[in-house]
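The residues making up each chain are set out below.
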Amino acid sequence: MKLSRRVSWFLLAFGVWSWFIWVTFVKNLWNDGSGLAFDDAGDPTAYFWVHLLLAVTSFVLGTVIGVIGLRGVRAARRADA
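Residues numbered from 1 in each chain as written. Predicted model: local features only at pLDDT ≥ 70, side-chain atom pairs only at ≥ 80, totals over all residues. Heavy atoms only, no water.

As recorded in an unreviewed UniProt entry, the protein goes by the name SCO4848 family membrane protein, listed as coming from Streptomyces litmocidini.

### Some details on the side chain of S8
Structurally, the position occupied by S8 is in helix α1 (residues 5–30). Among the polar contacts made by the side chain of S8, one reaches the main-chain carbonyl oxygen of S4 at a distance of 2.9 Å. Residues within four places of S8 in sequence aside, it is in contact with L3, G69, G72 and V73. (Helix = DSSP H or I, 4+ residues; strand = E, 2+ residues; numbered from the N terminus. Polar contact = N/O pair within 3.5 Å; in protein donor to acceptor, adjacent residues only side chain to side chain. Contact = heavy atoms within 4.5 Å.)

### Details of a nonpolar patch on the surface
On the surface, V56, V60, V64 and I68 cluster together into a nonpolar patch covering about 310 Å² of accessible area. The topology assignment puts V64 in helix α2 (residues 46–80). Residue classification places V64 among the partly exposed residues on the basis of a relative accessible area of 44%. (Patch = residues over 30% accessible without salt bridge, like charges linked within 9 Å, V, L, I, M, F, W, Y side chains within 5 Å. Areas by Shrake-Rupley, 256 points an atom, 1.4 Å probe, with all protein chains shown as cover. Salt bridge = Lys/Arg side-chain N within 4 Å of Asp/Glu carboxyl O. Buried < 20%, exposed > 50% of the residue type's maximum accessible area, 1.4 Å probe, protein only.)

### A short note on the packing of aromatic side chains
Scanning the model with the defined rule gives 7 aromatic pairs in all. For the ring pair W17 and F20, a centre distance of 6.0 Å and an interplane angle of 35 degrees mean the geometry is tilted. Here the residue W17 and the residue F20 both occupy positions in helix α1, the gap between them amounting to 3 residues, near one helical turn. A relative accessible area of 52% means that W17 is categorised as exposed. Judged by its relative accessible area of 53%, F20 falls in the exposed class. Taken together, a centroid distance of 5.1 Å and an interplanar angle of 80 degrees make the contact between F48 and W49 edge-to-face. Members of the aromatic cluster, connected to one another through ring pairs, are W30, F38, F48 and W49. (Phe/Tyr/Trp six-rings, centres within 6.5 Å; stacked < 30°, edge-to-face > 60°.)

This is the structure in structure tokens:
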């Protein structure tokens, strides 16, 4: 499959954006003081585990999508040379 340059850059940007957003989210989740992520004893709650799973899934998908975009950008550059 051949990706257009525009789609390749979009996928690469999506991968970078996904990492930026979810790293920030995990930092905020880890430092949560509202009682949602950790109970009074300091143990993680179900809210914490569900959102951590969402973040890990998003890291994986963002990485895969970003790599596809990077490969498309590189292929487009090689085709221009």
